[in-house]
Amino acid sequence: MSTIFTKIVAGEIPSYKIAETEDFYAFLDINPLAKGHTLVIPKKEIDYILDAEDKLYADLWKFAKKVGLAVEKVIPCKRIGITVIGLEVPHAHIHIIPINTIYDMDFSKKKLSFEAEEFEEIASRISIEFNSL
Ligand code: AMP
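In this text the structure is predicted, and so the values were computed from the model without any measurement.

Calculation criteria
- Within each chain, residue numbers correspond to sequence positions counted from 1 in written order.
- Local features are withheld for residues below a pLDDT of 70 in this predicted model, meaning they are given only at 70 or higher, and side-chain atom pairs are given and counted only at 80 or more; totals for whole chains, interfaces and linings count all residues.
- Side-chain metrics rest on all non-hydrogen atoms present in the structure, leaving aside hydrogens and water.
- Residues belong to a common nonpolar core when they are buried Ala, Val, Leu, Ile, Met, Phe, Trp, Tyr or Cys residues joined through side-chain atoms within 4.5 Å.
- In this scheme, a residue with accessible area under 20% of its type's maximum is buried, one over 50% is exposed, and one in between is partly exposed, where area comes from a 1.4 Å probe on protein chains only.
- Helix and strand labels come from DSSP, where a helix needs a run of H or I of at least four residues and a strand needs a run of E of at least two; each type is numbered from the N terminus.
- Contacts were defined at the residue level, with two residues in contact if any of their heavy atoms lie within 4.5 Å.
- A molecule or strand has a residue near it when one of that residue's heavy atoms lies within 4 Å.
- Side-chain atoms alone can form a polar contact between residues adjacent in sequence; in general such a contact is a pair of N or O atoms within 3.5 Å, and within protein one must be able to donate a hydrogen while the other accepts it.
- Note on areas: Shrake-Rupley with a 1.4 Å probe; residue coverage comes only from the protein chains shown.
- Polarity classes work like this: nonpolar for Ala, Val, Leu, Ile, Met, Phe, Trp, Tyr, Cys and Pro, charged for Asp, Glu, Lys and Arg, and polar for all others, with Gly in that last group.

## Thoughts on the nonpolar core
In summary, soluble globular proteins display a tendency toward joint burial of nonpolar side chains.
Now for step 1: Core analysis: the largest hydrophobic core is formed by 28 residues, its most contacted members being Leu28, Val40, Phe63, Val67, Ile96 and Ile126.
Now for step 2: Of all the secondary-structure elements, those providing two or more residues to this core are strand E1 (17-20), strand E2 (24-28), helix H2 (54-74), strand E5 (94-99) and helix H3 (116-132).
Now for step 3: Residue contacts for Leu28: discarding those within four places in its chain leaves Tyr16, Ile18, Gly36, His37, Thr38, Phe119, Ile122, Ala123 and Ile126.
Now for step 4: Core analysis: the next-biggest nonpolar cluster, separate from the first, contains seven residues, Phe5, Ile8, Leu39 and Ile41 among them.

Next up, the structure:
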């Protein structure tokens, strides 16, 4: 059985796509902690990120860096917070979150919600920046 993120990569479940390469995919988190909260995943189904083989692991972080730089260009923030939780979806993913205070990384707080048009607009703007890097 494939994960929800594999279904997203396959286009079976919709996502607000930011970027895609042969091995990786980036899309907006549907229950974001902040505007521009993005998830970066390997297309290969790996549950626990530390189980990824070295090259895939390193390349995933390299891809995540580029995504983070693109998010930063679109969403005003002090820094991009980067973290891995992985307790909910059993498909490795890196959270890229625009932050201004440490509390912006608090996963227990109430998530934001946006209209589809706003998600689409954010994703499109970040995607344009990603492609210009
Ligand atoms: P965790 O596994 O604890 O790192 O959390 C999984 C993250 O995936 C959460 O922030 C969810 O909001 C996010 N998420 C779950 N399903 C989707 C989806 N269909 N599209 C985008 N983000 C999702």
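From this point, the discussion proceeds with the structure in view.
## A word on the site of the ligand
Now for step 1: The immediate surroundings of the ligand are formed by 16 residues, with Asp29, Gly86, Glu88, His93 and His95 found nearest.
Now for step 2: At 2.9 Å from an oxygen atom of the ligand is found a main-chain nitrogen or oxygen belonging to Val89.
Now for step 3: Separating an oxygen atom of the ligand from a side-chain N or O atom of His95 is a distance of 2.8 Å.
Now for step 4: Coverage of the ligand by the protein chains reaches 90% of its 500 Å² of free accessible surface.
Now for step 5: Sorting the residues of the shell around the ligand by element identifies helix H1 (4-9) and E2 as the ones contributing at least two each.
Now for step 6: Among the elements that make up the shell around the ligand, the one with the highest residue count is H1 (three residues).
Now for step 7: Across the shell around the ligand, the residue classes tally to 10 nonpolar, four polar and two charged.

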